[in-house]
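Residues per chain, in single letters:
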Amino acid sequence: MRPIRLRHLLGLALGLLLLPAVAVAQPADGLQSPATFLGYELGEQFTPHHRVTDYVRHVATHSPRITARQYGTSVEGRPLLLATATTPANHDRLETLRRDNLKRVGFREGSPQGPPTAIVWLSYNVHGNESVSTEAALKALYAFGNPQNDRTQRWLKNTVVLIDPCLNPDGRARYVQWYKRMTGDQPNVRTAAREHHEPWPSGRTNHYYFDLNRDWAWGIQPETRHRLEAYHRWMPHVHVDFHEMGVNDPYYFAPAAKPFHENLTSWQRKFQFTIGRNNAEYFNDNGWLYFTEEVFDLFYPGYGDTWPLFNGAIGMTYEQGGSGRAGRGVITADGDTLTLDERIQHHYTTSLSTVEATAENHERVVQKFADYYASARKNPPGDYRTYVVKRGERGDRLAAFADHLDRQHIRYGYATEARTVRGRSYQSGDTEKTRIQRGDLLVNVAQPKARLAKVLLEPQTTIVDSLMYDITAWGLPYAYDLEAYALTERVTPASDTVPGTAPSMTGDADTPYAYVTPWASRADARFAAALLREDIHVRFAEKAFTVDGRSYEPGALVVLRAGNTNRIDQFDATVRRLAEAHGQGLHAVSTGFTEKGPDFGSDNFRIVEPPHVAVLSGPPTTPPRLGEVWHYFDRQIDYPATLLPADDFAPSMLDDVTALVLPDGDYGDWLTDARAEAITQWVRNGGRLVALGDANDALAGRAPYALTRKSTSAGPDTTADTPLSRYGTRTRRRLSESTPGSIHRVRLDSSHPLGFGIEPPYFTLKRNDEAFAYLSQQQSGWTVGALQAADPVSGFMGHEAQRKVEDTLLFGTQSLGEGQVTYLVDNPLFRGFWYGGQILFANAIFFVGTS
């Protein structure tokens, strides 16, 4: 073990001289420093979230520069706070400043009245175990709130600073509470010490194990939704997202790495350099290591730097070495000791430096922000001027799509009259004629959110460089499995509301023979779940049928009076109450005699027994992938699921389980022969096993499962290094095998229960190069989803990866004894926003294997 090097102590001392000094004496009016209020110096320990909240409110109470408001709560009920720092004079007209800025955006009518005032938003601790960020936030808050700090006072005359001290309080609490239990009075800096080995699931994610730094563009988690609303109230000009990375990494700040998305402006890239140079001056003077323009690209729209960029801000990520492995101190690879105090000082320095650079350029920052939105309204980017999303028979999907646009404040409307247009079809990829029908949703991109609308809706992302950090395609019409067209002509919506909304209840029968509703959306699955929780017998159609002149596709739900009235008091009232609560349209029929297709008494109407669902949790599952399954049941369809502890799993836990979900993960060590045999026997006895992602690897080639790897003919290895290969190009040579995340057209058998409710073609978001052969019907297998052509419809996949996955299984089922196995090679629940896949998953839970 080596002591802290002298250069670090000198650097920290110099940093304190360079930045605004913290007065030894307490300021007037009772404002206390973090050390005085908390009872310890920042860096001596991690501050629990409730004390973070206490201190923010203390500063807001005692500093004339600071106000604070709670803008939401986390899943576990912890407050989400936003502190506002500016001069008392600016506070007196704060609402005017805010409204003026929204006028620049185009969210409010009129022109700004006051002088240009820059708005900087500092976001800390989106990853809970990157906990130094919140400690730095407290230090920065005091610097801005201290009336004796003349330097920050000068900046705040023309700048409003918004400080979110902890975006992910539940994840932070998980990490901080664990760390406190693992350590004594003094930190152990040896890397082998247990305090540097955070257990599964770690504190990175929120309550549902979602990565909140991937959720900005989707708004799936409550913390994100609350933050998006708070953000839209202000629309800041500069946004910084504070992070940590490996303990051996130097500090990273913008400018960012390529590729840049094509819709970032030259000003946004240029001002990243301005702020970066200001940060560099402080780091140079202190002798602190840093790097820029590497690793962290600006392409995927769901980050805390890219999403603000697509909303006109200068969005940036700052990364400090450390994270959950650093604790209060840890020895680095070069033998130095990285301390919590040092990490705080780095983030504190860039916090103030960013505000300083913005304040010194405030007039230009505000003007460029206004120009960004003026150009969006007058000259929106891209080839397409209107996006048409067809209403069809998928009203609930369209409503979910519209809700997504609402979360992003993207404006849209509806067609009230029919007209013929030409546009690029998302389903075929070709430019063709189509007819806009009454009720179709229209997004005219000549609006404030023009760039974000283009980014989220365009049928094909423009790949300027294939070396990327995250998925490369995400088009929302694909995600929601909706028929859509991108038009080069401008079509103005005629109505802000859906015209001709169908009544929730149709049919004339007061005491109907049955209630019927289509199966085409997650809303239908949520309604079915509600019926099952009320112990109402529900059936689904295996074949299409027509009744009362209405046609229904396979999967349609039928609630018969027969078999329910003797079991359920007030049967009709209960069904109608649930339908009204869920906004579900029902058709009441007076007969079971259909005009086409099977009659309601036929075996082609299968009863859905309420499944007891269990989900394996803990190691070996991947936390975010488990979280997607957990969140799907708990929040998206509101159906109970039991999380089984993998580390304490016993076969008896499956005794009353109907369906067992194996989330994506590494099952190599966990799925022993004994466990595999127990699960297999459970399936043979009638269980339904659903394997997601890499869970399929554990089943492939293992008898009696029909899943096998596809043998691919070996082509020339273009990724291998040769004696004359250039060292500097080795990373790019391996891109031919890369699968960062691209959208592909799937051949789907919609006549199979796993494909019910999905109108082909289905589009999958593919993030792996798993190559499984089509299932053999001789082994009671059925290939429901196949990737026949591997070239993406949007995004990037390496050519070697394409060759490998062409003609492979994506989704399929196998009968095994009295039970069923469902193989889902691609993740249908990815990050909670791939809406079309959620129907597929509901089919696997409720329909597949139903006798």
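Just above sits the structure.
Residues numbered from 1 in each chain as written. Predicted model: local features only at pLDDT ≥ 70, side-chain atom pairs only at ≥ 80, totals over all residues. Heavy atoms only, no water.

Focus: the overall build of the protein
Helix and strand content of the protein: 24 helices and 35 strands. The C-alpha atoms of the protein give a radius of gyration of 29 Å, which matches the 29 Å a tight globule of 851 residues would have. Across its three principal axes, the protein shows a C-alpha extent of roughly 85 × 65 × 65 Å. When the 851 residues of the protein are sorted by exposure, 61% land in the buried category. (Helix = DSSP H or I, 4+ residues; strand = E, 2+ residues; numbered from the N terminus. Rg over C-alpha atoms; globule rule 2.2 N^0.38 Å. Buried < 20%, exposed > 50% of the residue type's maximum accessible area, 1.4 Å probe, protein only.)

A short note on the sheet that holds strand β20 (residues 514–517)
Strands sit in the order β19-β25-β20-β24-β21-β26 across an open sheet of six strands; the sheet is mixed. The strands lining the two open edges of the sheet, one partner per strand, are β19 (505–506) and β26 (605–608). Where strand β21 (residues 538–541) and strand β24 (residues 557–560) come together, two bridges link them in antiparallel fashion. Bridging from a neighbouring strand, arginine 539 pairs with valine 558 of β24. (Pairing = 2+ DSSP bridges.)

Comments concerning unusual backbone geometry
Both trends apply: most residues other than glycine have a negative phi, and most peptide bonds are in trans. Cis peptide bonds are those with omega within 30 degrees of zero, and the linkage from tryptophan 200 to proline 201 qualifies with 5 degrees. As for its placement among the helices and strands, proline 201 is situated in the loop between α8 (169–182) and α9 (222–234). With an omega dihedral of 25 degrees, the bond running from proline 619 to proline 620 counts as a cis peptide bond. Along the chain, proline 620 turns up in the loop between β27 (613–617) and α19 (623–636).

Description of the packing of helix α6 (residues 132–145) against helix α12 (residues 340–360)
Close contact between α6 and α12 brings their axes to 8 Å; oriented N to C, the two are set at 50 degrees. If you check the angle between α6 and α12, you find them oblique. In terms of crossing hand, the pair formed by α6 and α12 is right-handed. Contacts between α6 and α12 pair Val132, Ser133, Glu135, Ala136, Lys139, Ala140, Ala143 and Phe144 from the former with Leu340, Arg343, Ile344, Gln345, His347, Tyr348, Ser351, Leu352 and Val355 from the latter. Taken together, the residues of the contact of α6 with α12 break down into 10 nonpolar, four polar and three charged. (Axes fitted to C-alpha atoms, helices over the stretch in contact; angles between N-to-C directions. Parallel < 35°, antiparallel > 145°, perpendicular 65-115°, else oblique. Left-handed = near helix turned anticlockwise from the far one by under 90°. Contact = heavy atoms within 4.5 Å. Nonpolar A, V, L, I, M, F, W, Y, C, P; charged D, E, K, R; others polar.)

Here we look at helix α10 (residues 266–286)
An α-helical turn contains 3.6 residues, so any two residues separated by three or four positions project in the same direction. For α10, built from 21 residues, the straight-helix expectation of 30 Å at 1.5 Å per residue is met to within 8% by its first-to-last C-alpha distance of 31 Å. All buried positions along α10 are accounted for by Trp267, Gln268, Phe271, Gln272, Ile275, Gly276, Asn278, Asn279, Ala280, Tyr282, Phe283 and Asn286. In the segment just after α10, glycine 287 is the residue with positive phi, at about 75 degrees. (Expected span 1.5 Å × (residues − 1).)

Let's talk about a negative patch on the surface
Taken together, the side chains of Asp508, Asp510, Asp548 and Glu595 make up a negatively charged region of the molecular surface. Within the element layout of this structure, aspartate 508 appears in the loop between β19 and β20. By relative accessible area, which is 77% here, aspartate 508 ends up exposed. (Patch = residues over 30% accessible without salt bridge, like charges linked within 9 Å, V, L, I, M, F, W, Y side chains within 5 Å. Areas by Shrake-Rupley, 256 points an atom, 1.4 Å probe, with all protein chains shown as cover. Salt bridge = Lys/Arg side-chain N within 4 Å of Asp/Glu carboxyl O. Lys, Arg positive; Asp, Glu negative; His and termini not counted. Charge placed at Lys NZ, Arg CZ, Asp CG, Glu CD.)

Re the packing of aromatic side chains
Counting across every chain of the model gives 56 aromatic pairs. One aromatic cluster is present, formed by Trp218, Phe299, Tyr300, Tyr303, Trp474, Phe830, Phe833 and Trp834 through successive ring pairs. Above the plane of the ring of tyrosine 348 lies lysine 139, whose end atom (NZ or CZ) is 4.9 Å from the centre. Over the ring of tryptophan 216 we find arginine 227, and its NZ or CZ is 4.4 Å from the ring centre. (Phe/Tyr/Trp six-rings, centres within 6.5 Å; stacked < 30°, edge-to-face > 60°. Lys NZ or Arg CZ within 6 Å of the ring centre and 35° of its normal.)

Some thoughts on the pattern of salt bridges
Applying the stated criterion across every chain, the model contains 29 salt bridges. The salt bridge involving aspartate 211 is made with arginine 214; its shortest N-O contact spans 3.3 Å. Assigned by exposure class, aspartate 211 and arginine 214 land together as buried. With a closest N to O distance of 2.9 Å, aspartate 470 and arginine 831 form a salt bridge.

Some points on the pairing of strand β17 (residues 441–444)
Burial along β17 is two-sided: the residues Leu441 and Val443 and Leu442 and Asn444 are all buried. Of the strand pairs in this sheet, strand β13 (residues 386–389) and β17 are connected by four bridges, and their pairing is antiparallel. Bridging from a neighbouring strand, tyrosine 387 pairs with valine 443 of β17. One ladder, built from two bridges, connects strand β14 (residues 413–414) with β17; its direction is antiparallel. Each residue of the ladder has a partner; that of glycine 413, found in β17, is leucine 442.

Everything listed is a geometric property; what it means functionally is a separate question.
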